[in-house]
Amino acid sequence: MPASKASNPDEAGFGVYIHWPFCASKCPYCDFNSHVRIGGVDERRFLAACRRELRSTRERIGPRCVTSIFIGGGTPSLMQPSTVGGILDEIGGLWEIEPGAEVTLEANPSSVEADRFRGYRAAGVNRVSLGVQSLRDSDLKQLGRLHSVAEAKAAIAVASNTFERFSFDLIYARPGQTAEAWRAELEEALAMAGGHLSLYQLTIEDGTPFAALHAAGKLRVPDGEHARALYELTNEITAANGLPAYEISNHAVPGEESQHNLLYWRYGEYAGIGPGAHGRLIMGRERWATMNERVPERWLSQVEETGEGWIEAEPLSPREQADEMLLMGLRINEGLDLDRFERIGGKQMDPVLISQLVGQGLLETSANGRRIKATMAGRMVLNEVVLQLSAGINP
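Along every chain, residues carry numbers that run from 1 in the direction the sequence is written. Thresholds applied to this predicted model are a pLDDT of at least 70 for local features of residues and 80 or more for the giving and counting of side-chain atom pairs; totals over whole chains, interfaces and linings are not thresholded and use all residues. Excluding hydrogens and water, the side-chain figures rest on all heavy atoms present in the structure.

Draft legend 1. Region of interest: the pairing of strand β9 (residues 269-273). Extensive coverage of β9 is indicated by the burial of five of its five residues. Bridging between strand β1 (residues 14-20) and β9 involves five bridges; their strand directions are parallel. Within the sheet, the bridge partner assigned to Tyr17 lies in β9 and is Gly272. For every residue, the accessible area (1.4 Å probe, protein chains only) is compared with the maximum for its type, and the residue is labelled buried under 20%, exposed over 50%, or partly exposed between those bounds. Numbering of helices and strands starts at the N terminus; helices are DSSP runs of H or I of at least 4 residues and strands are runs of E of at least 2. In this scheme, strands are said to pair when DSSP sees at least two bridges between them.

Written as structure tokens, this is what we have:
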């Protein structure tokens, strides 16, 4: 680990995201960059490429203090612990790691084994996020998941016994799901939860099998009014159980929030490593948006040849940064710091428009008007709120 104390150019911190794109099967609702490889994956070769891309990133941005690491996918829990250890060792050799930095690995219940989890912990992982998605076997089958409810509960127990911090995901607003059924399932989940839950409404994404079924009238999801009622119920139940929403889809005991995801929503700096990964890097006085090649084998060959997986890299204008920061900041309960917004984006938000949205019950202000956040009603129409605020940004 570098001996000198590094300072980050962005006060929100510096994170590293690693994308492991491989899955045992492709879920019909998923539009993430995930791939099935029947013949297996050459982990040594992909590890070497990840390490090389990390080194290239270090050469471009220089010293940093890493505040969080997230290994997502795909299904990272298909990796051997030694592969995870090799990635984390490389990060630790290139940059300073903040003491107590959050290091999260995503896992699917079907690939959870106690020995493997102990191996991840020994490698440096200190938090896992489990893709449970449902606590009903019939719905797991409909969602294309490979695990059963019994396997999900066993995985939660292993995670709880192995790591001090863990989370799991559920998808709700599923076809035919009633408010009563969701209440029972959510309360069952809360009884097993640690300090964090991610609760996502099912969305129909273009290009997925679910999209084709939905277009053909063979898959019906709750309408807008029912989905809104389920969202309100979700917030009511989680808050009553001590895990209030700190972001639209994420709930935590205060102090147990995902630090890496907060880095995104606070518009911090992060490196995106691996096939299809996105990054926001500060190079010189500019914030750059980077995007990697999505196809794993193409990314691998490109990194082996050039050291980088980028297919796009461009500096963001102050206005583009302002719009991104606005979109991300209003997702979280702490809201958006307008002083920082003006420093980064070089723009001022229209105070008259803010007052109008406050009057409509869509925004709240604090810190003498220098912080804004969306109300519950505002979150229901967040895209419209963001569009209005963006259109009202003063030059």
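Draft legend 2. The packing of helix α2 (residues 81-94) against helix α3 (residues 114-123), seen in detail. Following both chains from N to C, one finds α2 and α3 inclined at 15 degrees, their axes separated by 9 Å at the closest point. Of the possible angle classes, the one that applies to α2 and α3 is roughly parallel. You can see that α2 and α3 cross each other, and the crossing is right-handed. Across the interface between the two elements, Pro81, Val84, Gly85 and Leu88 from α2 touch Arg116, Gly119, Tyr120 and Ala123 from α3. Across the contact of α2 with α3, the residue classes break down as five nonpolar, two polar and one charged. Angles shown run from 0 to 180 degrees and are taken between the N-to-C directions of axes, each axis being a line fitted to C-alpha atoms and, for helices, limited to the stretch in contact. We call two directions roughly parallel when the angle between them is under 35 degrees, roughly antiparallel when it is over 145, roughly perpendicular when it lies between 65 and 115, and oblique otherwise. Helix crossings fall into two classes, left-handed where the near helix is turned counterclockwise from the far one by less than a right angle and right-handed where it is turned clockwise. Contact definition: two residues touch when any of their heavy atoms are within 4.5 Å. Gly is put with the polar residues, along with every residue not named as nonpolar or charged; the nonpolar set is Ala, Val, Leu, Ile, Met, Phe, Trp, Tyr, Cys and Pro, and the charged set is Asp, Glu, Lys and Arg.

Draft legend 3. Molecular detail of the pairing of strand β3 (residues 96-107). Of the pairings in the sheet, the one linking strand β2 (residues 65-73) to β3 comprises six bridges and is parallel in character. Note on β3: the bridge partner recorded for Phe70 is Thr104. When the strands point away from the viewer, a crossover counts as right-handed if the route from the first strand across the helix to the second turns clockwise. In this view, the connection linking β2 to its parallel neighbour β3 by way of α2 has right-handed handedness. Pairing geometry for β3 and strand β4 (residues 127-133), over four bridges, is parallel. Residue pairing in the sheet places Glu106 in a bridge with Ser129 of β4.

Draft legend 4. Here's a closer look at the sheet that holds strand β15 (residues 363-366). One open sheet holds the three strands; their spatial order is β13-β16-β15, and the pairing between them is antiparallel. Single-partner strands in this sheet number two, and they are β13 (336-337) and β15. Here β13 pairs with strand β16 (residues 371-374) via two bridges, running antiparallel. If you follow Asp337 over to β16, its bridge partner there is Arg371.

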